[in-house]
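What follows is each chain in one-letter form.
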Amino acid sequence: MREDEVLQDRILELLDRDPSLTPADILVMTPEIETYAPFIEAVFSLPRDDRRRIPFSVADRGMRRQSVLVDTFLRLMDLEGSRMGATEVAAFLETEALRRRFDLEADDLALIHRWIRDAGIRWGVDAESRRREGLPGFSENTWLSGVDRLLLGVALPARGEELFMGICPHEGVAEGEAETLGSFLAFLEKLFAFAKSLEETRDLSGWASHLGAALDGFFLPEGDEEEDVQTLRRALTDVALRQEQAGFAEPVGAGIVKAHLEEALQEAGVAFGFLTGGITFCAMLPMRSIPFRVVCLIGLDDGAYPRQTAVPGFDLMREHPRPGDRSRRLDDRYLFLEALLSAREKLCISYTGQSIQDNSPRPPSVLVSELLDTIDQGFAIRDVKDIRDAIVVKHRLQAFSPEYFRGGRLYSYSAENAAGAAASVAGPGPRRPFIASPLPEPPPAWRTVDVHVLARFFANPARTLLTRRLGIRLDEAGALLADVEPMSIEGLERYELGERLATRCIEGLDAKELMPAARALGSLPPGTPGECWFHELCAGADAFATRVRPHLQGEPLGAVDLDRTLGPFRLTGRLQLGLTAGLVHYRFAKVRSKDLLRAWIQHLSLSAGAGERYPGRCVVLGKDRGYVLGPVGDGERLLMELLETYWRGLTMPLPFFPETARVYVANLLGGKTDEEALKAAGRVWESDRGYAEGQDPYFRFCFGGGKGDLGDGFRELAGAVLRPLLESVEEVR
């Protein structure tokens, strides 16, 4: 990348100094064009209105690198013997021509990825395909198992623990998404059938016909893609012609045909992009070194040129070489000489001179070293002791180094890098807030607040502001697809399964009866390890249920519909009154601040809106410990303060971070100084182990991630919101 950035600045300087020089007069050669091509395009592909834009073309690339369609077709042929991993299969849908054939849109990809993840699909078409791999034939986490769940989820409502013929319906397919699911399943059916067909043997003519039909079945080309399809058809026609010319009609495997196609398509793309009127980037090949006013050679690192050739062990010519035998090393030396002779006015050579790991010096190609030695021996520059100091330029690793903008030997035409260099010299300035001034207040209708919405707000005020007011969602990008069946059960899957087990235990039912459903969901590791994990969760759920049951004695008091006017606000929502002993919240997980805040807000709301019907006592139970909230005398005032904080949070990001704030206030109530409490809170905010609240994407977006965010605003909000709660709560075992 840095070689290409430096090359761009060098070419811009040459064009700037010599108005008669045009981009067509410049040739850039490299030993590894396939390696450099993506970086060349990244650096030189600039917008039309950019003053640094220079027309260019990249030659000598194979069709597979130039065409997404051709690459996808060859990847389809790689499916012979494939494990059919979720990532591998889903990657085919990135090709637009393939999506067009199956009536899928780019927007459908996120939905399909979610289906694959939620259905537990990892690898393998079905249980039989896993047996062929020499593994136990279990169907969990296979494509067939996932597809059955998706289809059954459309036909039947998901009922949690209930199975239909051993299949657990998937509840993630909405009513309007059935057509997309149908198109996706049509793609899977054709893909798996084609992969199965690759295991057969055919004669060359048979393969040409079969692959031609697959080309039509998988792709619907448009525009420039038509030319790529025609190139593939010519290559397939040549395969059939070879059978006729050679008189060879024996059946062969798909791998032989694929190897021939790759070689043919590599040759088909060689000449494209040479001498198109702009700068020509090409490989160092014979017949490329024609006269140019400027010749640039990049990538001449030690070991990269002359190129090394892997000689097969059965090469007898290597044992007894004779004059005239081809030598790749001598050919490359001759090509280097041709390139030197082709430069009519300017010659630029670049190589990586320092290691990116430890900055240690790295030598150039031996040919460059020999050229420097020859120049050193045969030439001199007046007033310059070492000619190498005059012709060798050592560049900086970063394009925004201030050295490029001080008027010396190093220079750059990049305005963006100039701004970056100026910023690095000026040093870090005050961090600009995401929202410098408050947003306009929401419409008056927003003053009618549902009690559940209020609780979600205090769990993460920044998320509420970004999602509800600005429509910014930072956590919707799905996780990466997994290609390996689960070896353990962790994270959200462990929590959800534990919740179901705990609920079943609390109801007095046998949690172990959920084993078939857990297997069908694909969330358990296969075989005995999965059983061990499940029984461990069952034991924990049973112990948790034993702690919870004593608090669930008595008759349910029903529900109450809140509708309470508090100043300019109207608090609404439907809440359960709990039992005669009080309101009980329980969760088979560690009690977090958001759990206490949700219970606190419901407790205050019921105290203010349900009158004597509410017992005035709320219990919050978790795996680790429990808490009791007793009667509150000034609940309406506390609710008003929370609602006013909520209203402020709809116009400005509020520095309220529940877990961090809880630690801060708890330390203050425990007699710690403000400095000590803030230090303890900072450890939660920036923890290197486990949960770190400062890593929440919404908090980072609005406030960054440093301790500087825990300032006066944080102290004020933490005390106002959590001090009354923590002063009223009592811990129970």
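Residues numbered from 1 in each chain as written. Predicted model: local features only at pLDDT ≥ 70, side-chain atom pairs only at ≥ 80, totals over all residues. Heavy atoms only, no water.

A. View of the overall build of the protein chain. Counting its secondary structure elements, the protein chain contains 28 helices and 12 strands. A compact globule built from 733 residues should have a C-alpha radius of gyration of about 27 Å, whereas the protein chain, at 34 Å, is more than 25% larger. Projected onto the principal axes, the alpha-carbon positions of the protein chain cover approximately 105 × 75 × 50 Å. Counting across all 733 residues of the protein chain, residues that qualify as buried make up 45%. A total of about 38,000 Å² of accessible surface is found on the protein chain, and carbon and sulfur atoms cover 52% of it. Distance between charge centres in the protein chain, computed from 88 positive and 111 negative side chains, equals 5 Å. (Helix = DSSP H or I, 4+ residues; strand = E, 2+ residues; numbered from the N terminus. Rg over C-alpha atoms; globule rule 2.2 N^0.38 Å. Buried < 20%, exposed > 50% of the residue type's maximum accessible area, 1.4 Å probe, protein only. Areas by Shrake-Rupley, 256 points an atom, 1.4 Å probe, with all protein chains shown as cover. Lys, Arg positive; Asp, Glu negative; His and termini not counted. Charge placed at Lys NZ, Arg CZ, Asp CG, Glu CD.)

B. Molecular detail of the sheet that holds strand β10 (residues 618-621). The strand order across the open sheet built from four strands is β9-β10-β11-β12, with neighbouring strands paired in mixed fashion. Looking at the sheet topology across the chains shown, the edges are occupied by β9 (583-586) and β12 (729-732). Ignoring which end each strand starts from, the neighbouring axes of this sheet average 20° apart. Pairing of β10 with strand β11 (residues 626-629) involves four bridges; the strand directions are antiparallel. Of the residues in β11, the one forming a bridge with Cys-618 is Leu-629. (Pairing = 2+ DSSP bridges. Axes fitted to C-alpha atoms, helices over the stretch in contact; angles between N-to-C directions.)

C. Just the sheet that holds strand β1 (residues 26-30), in detail. Spatial strand order, β2-β3-β1-β4-β5: five strands in an open sheet with parallel pairing. The open sheet terminates on both sides in strands that have one partner only, identified here as β2 (56-58) and β5 (343-349). On average, each strand axis in the sheet is tilted by 20° relative to the strand beside it, whichever way the strands run. In terms of strand pairing, β1 meets strand β4 (residues 292-297) through four bridges, oriented parallel. Bridging across to β4, Val-28 finds its partner in Cys-296. Lying over the sheet, helix α14 (residues 328-342) contacts β1, β4 and β5, oriented at roughly 125° with respect to β5. (Contact = heavy atoms within 4.5 Å.)

D. Just a negative patch on the surface, in detail. A cluster of acidic side chains, namely Asp-103, Glu-105, Asp-107 and Glu-179, defines a negative patch on the protein surface. Within the secondary structure, Glu-105 is located in the loop between α6 (96-101) and α7 (108-118). Owing to a relative accessible area of 53%, Glu-105 belongs among the exposed residues under this scheme. (Patch = residues over 30% accessible without salt bridge, like charges linked within 9 Å, V, L, I, M, F, W, Y side chains within 5 Å. Salt bridge = Lys/Arg side-chain N within 4 Å of Asp/Glu carboxyl O.)

E. Molecular detail of the packing of helix α18 (residues 451-459) against helix α23 (residues 593-609). Close contact between α18 and α23 brings their axes to 9 Å; oriented N to C, the two are set at 150°. For the crossing formed where α18 meets α23, the hand is right-handed. Mapping the contact onto sequence places Val-451, His-452, Leu-454, Ala-455, Phe-458 and Ala-459 in α18 and Lys-594, Leu-597, Arg-598, Ile-601, Gln-602 and Ser-605 in α23. Across the contact of α18 with α23, the residue classes tally to seven nonpolar, three polar and two charged. (Left-handed = near helix turned anticlockwise from the far one by under 90°. Nonpolar A, V, L, I, M, F, W, Y, C, P; charged D, E, K, R; others polar.)

F. Highlighting the packing of aromatic side chains. Counted by the stated rule, this structure contains 22 aromatic pairs. Pairing Phe-544 with Phe-588 gives two aromatic rings, centres 5.4 Å apart and planes at 55°, and the pair type is tilted. One end of the pair, Phe-544, is in helix α22 (residues 527-548); the other, Phe-588, is in the loop between β9 and α23, and 44 residues separate them in sequence. Taking relative accessible area as the criterion, Phe-588 reaches 7% and is therefore assigned buried. In this structure an aromatic cluster arises from ring pairing among Phe-657, Tyr-664, Trp-685, Phe-699, Phe-703 and Phe-714. Taking NZ or CZ as reference, Arg-447 lies 5.1 Å from the ring centre of Phe-569, over its face. (Phe/Tyr/Trp six-rings, centres within 6.5 Å; stacked < 30°, edge-to-face > 60°. Lys NZ or Arg CZ within 6 Å of the ring centre and 35° of its normal.)

G. Geometry of the state of the cysteines. Following the criterion strictly, the structure yields zero disulfides and no others. Considering cysteine sulfurs only, Cys-296 is the nearest to Cys-348, which forms no disulfide, with 4.2 Å between them. Take Cys-532: it sits in no disulfide, and the sulfur closest to it among the cysteines is that of Cys-538, at 12 Å. Residue classification places Cys-532 among the partly exposed positions, given a relative accessible area of 47%. (Disulfide = S-S within 2.5 Å.)

H. Representation of α23. With 17 residues, α23 should cover 24 Å at 1.5 Å per step; its first-to-last C-alpha distance of 24 Å lies within 8% of that length. Count one or two residues on from α23 and you reach Gly-611, which has phi positive near 65°. (Expected span 1.5 Å × (residues − 1).)

I. Region of the structure containing empty space enclosed by the protein. Counting across every chain of the model gives three cavities of 30 Å³ or more. Here the largest cavity is characterised by a volume of approximately 60 Å³. The wall of the largest cavity is formed by His-585, Tyr-586, Arg-587, Ala-589, Lys-590, Val-591, Asp-595, Arg-598, Val-620, Leu-621 and Gly-622. Elements with a minimum of two residues in the lining of the largest cavity: β9, α23 and β10. A class-by-class count of the residues in the lining of the largest cavity yields five nonpolar, two polar and four charged. (1 Å grid on protein atoms, 1.4 Å probe; cavity = no way out; pocket = protein on both sides within 12 Å on 5 of 7 lines; lining within 4 Å. Points joined across faces, edges and corners; volume = space filled by probe spheres on them.)

J. Up close: the side chain of Asp-595. Of note, Asp-595 is situated in helix α23. On the accessibility criterion, Asp-595 (4% relative accessible area) is buried. The residues touching Asp-595, leaving out its near neighbours within four places in the chain, are Arg-587, Lys-590 and Val-620.

K. Region of interest: the environment of Pro-364. Secondary-structure assignment places Pro-364 in the loop between β5 and α15 (366-378). Note on Pro-364: relative accessible area 11%, which makes it buried. Spatially, the C-alpha atom of Pro-364 lies 71 Å from that of Thr-448, the residues being 84 residues apart in sequence. Ignoring any residue separated from it by four or fewer positions in sequence, one finds Pro-364 in contact with Leu-300, Asp-301, Asp-302, Tyr-351 and Ser-369.

L. Region of the structure containing the pairing of β11. Of the two faces of β11, the one carrying Gly-626 and Val-628 and the one carrying Tyr-627 and Leu-629 are both buried. What sits between the antiparallel neighbours β10 and β11 is a turn of four residues.

M. Region of the structure containing a nonpolar patch on the surface. A contiguous nonpolar surface patch, about 330 Å² in accessible area, is contributed by Leu-156, Phe-164 and Met-165. Of note, Phe-164 is situated in the loop between α9 (143-155) and α10 (178-197).

N. Structural view of α10. Counted at 1.5 Å a residue, the expected span for α10 with its 20 residues is 28 Å, and the 29 Å between its end C-alpha atoms agrees. All of the buried residues along α10 are Thr-180, Leu-181, Ser-183, Phe-184, Leu-185, Phe-187, Leu-188, Leu-191, Phe-192, Phe-194, Ala-195 and Ser-197. On its buried face, α10 sits against α4 (68-77), α5 (86-91), α6, α7, α9 and α11 (204-218).

O. Expanded view of the side chain of Asp-9. In this structure, Asp-9 sits in helix α1 (residues 2-17). The buried charged residue Asp-9 lacks any salt bridge, with Arg-52 as its nearest oppositely charged partner at 5.6 Å. If we ignore the near neighbours within four places in the chain, the residues touching Asp-9 are Tyr-411, Ser-412, Tyr-413 and Ser-414.

P. Representation of unusual backbone geometry in the model. A cis amide bond links Tyr-305 with the next residue in sequence, Pro-306, at an omega value of -5°. Relative to the assigned elements, Pro-306 resides in the loop between β4 and α14. The phi angle at Met-84 is positive, at roughly 60°, despite the residue not being glycine. Mapped onto the secondary structure, Met-84 falls in the loop between α4 and α5. Although it is not a glycine, Asp-103 sits at a positive phi angle of roughly 55°. Within the secondary structure layout, Asp-103 lies in the loop between α6 and α7. Classification of Asp-103 as exposed rests on a relative accessible area of 63%.

Function cannot be read off these values alone, since they describe shape.
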